[in-house]
Amino acid sequence: MCGRYATTVDPGRLAAELDALDETGDPPGSGAGAPGPNYNVAPTNRVLTVVERHDRDHPEDDPRLRIRRMRWGLVPVWTKAAEPGVPVKGKPLFNARADRAAEAPSFRDAVKKRRCLVPMDGWYEWVVEGEENAKGKAVKRPYYMSNADGSRLYMAGLWSIWRDPARREMDPLLSCTILTTDAIGDLTRIHDRMPLIMPREHWAAWLDPDHPAPHELLETPGPERVSGIAVREVPVLVNSVRNNGPELLRPVGSGPVGEQAGQISLL
């Protein structure tokens, strides 16, 4: 499961790193209107994605990597409109099981021809403790998973283009979901599910707009896929989406949050 994550890269920098086209429409740099770092990304937020597509005006040209912003929570193409330009509201489809997506009505079309990458610095999961808080509810301790060397992670995702059939002149809504798989290695101590990390050597096959992805890319990977992942307990501040700042990533006990330290090393 992946329902919250952190990302600090801006689209211009990401496009330069990947030799991709920046199609987000964001102003260059950090000017007015450009979303900044987000340490508490939640479903329905607009997030950065990486796709590979042909040029609409020159479809015979080779496809190019493109950076696009999409709503996190896939809206299937057949979704009805609640009001002009707005899809029917419901639980956001922010995750999809990799082992079932190809057969699921909401995702099977995207599996065939609309696959993407979702870049992030790391993601959060919660461990439910046996103790109870002041309200008598089980304590949920947040943990943050990221590459120990600080490098960016890219998760396998699916995306969709939704158009209001009654308002074809309106801009389409681009939306995405993050694929999840069984947790592997020591990550099973945190949660039984994890986002499907897509290593760079598989990007070409995963993003190829002209061919289906090899089935093995949707399978649960081996433990080597998480060999560089480190896990640390972080402040419960992250439990509320209203909190958003670098302090959410501070290891518990290392700063003014004043909580007992806790860290798990997976290296």
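Preceding this paragraph is the structure being described.
In short, a report on the structure.

Calculation notes
- Residues numbered from 1 in each chain as written.
- Predicted model: local features only at pLDDT ≥ 70, side-chain atom pairs only at ≥ 80, totals over all residues.
- Heavy atoms only, no water.
- 1 Å grid on protein atoms, 1.4 Å probe; cavity = no way out; pocket = protein on both sides within 12 Å on 5 of 7 lines; lining within 4 Å.
- Points joined across faces, edges and corners; volume = space filled by probe spheres on them.
- Helix = DSSP H or I, 4+ residues; strand = E, 2+ residues; numbered from the N terminus.
- Nonpolar A, V, L, I, M, F, W, Y, C, P; charged D, E, K, R; others polar.
- Salt bridge = Lys/Arg side-chain N within 4 Å of Asp/Glu carboxyl O.
- Buried < 20%, exposed > 50% of the residue type's maximum accessible area, 1.4 Å probe, protein only.

### A few points about the layout of surface pockets
Over the atoms, a rolled probe matching the size of one water molecule traces out where space is still vacant.
Move 1: Quantified by volume, the largest pocket comes out at close to 460 Å³.
Move 2: In terms of lining, the largest pocket is formed by 15 residues, of which the most central are Glu23, Arg56, Arg68, Trp159 and Ile161.
Move 3: Put simply, the parts of the chain that give the lining of the largest pocket at least two residues each are strand E5 (64–72) and strand E12 (153–162).
Move 4: In terms of residue class, the lining of the largest pocket is built from six nonpolar, one polar and eight charged.
Move 5: Each pocket or cavity is described by its volume, and for the second largest pocket that value is around 250 Å³.
Move 6: Residue lining of the second largest pocket: 14 residues in total, with Arg152, Ile197, Met198, Pro199 and Arg200 positioned closest to the centre.
Move 7: Looking at the lining of the second largest pocket, the elements that each hand over two or more residues are helix H1 (11–18) and E12.
Move 8: For the lining of the second largest pocket, the per-class residue count stands at seven nonpolar, two polar and five charged.

### Quick word on empty space enclosed by the protein
Move 1: Across all of its chains, the model carries one cavity of 30 Å³ or more by this definition.
Move 2: Its volume calculated, the largest cavity comes out at about 40 Å³.
Move 3: Contributing to the lining of the largest cavity are Trp123, Glu125, Met145, Leu187, Ile190, His191, Arg193 and Met194.
Move 4: Put simply, the parts of the chain that give the lining of the largest cavity at least two residues each are strand E10 (122–132) and strand E14 (193–195).
Move 5: Each residue belonging to the lining of the largest cavity can be placed in one class, and the counts come to five nonpolar, one polar and two charged.

### Structural notes on the pattern of salt bridges
Move 1: All told, the structure shown has nine salt bridges when counted by the stated rule.
Move 2: Note that Arg13 is salt-bridged to Glu17, the shortest N-O span being 3.0 Å. Linking Arg13 with Glu17, this pair stays in helix H1, spanning four residues, or about one helical turn.
Move 3: A salt bridge links Glu23 to Arg68, with the shortest nitrogen-to-oxygen separation between them at 2.8 Å. A residue pair is termed long-range when its members are at least 10 positions apart, and Glu23 in the loop between strand E2 (21–22) and strand E3 (38–41) and Arg68 in strand E5 qualify at 45 residues.
Move 4: A relative accessible area of 16% means that Arg68 is categorised as buried.

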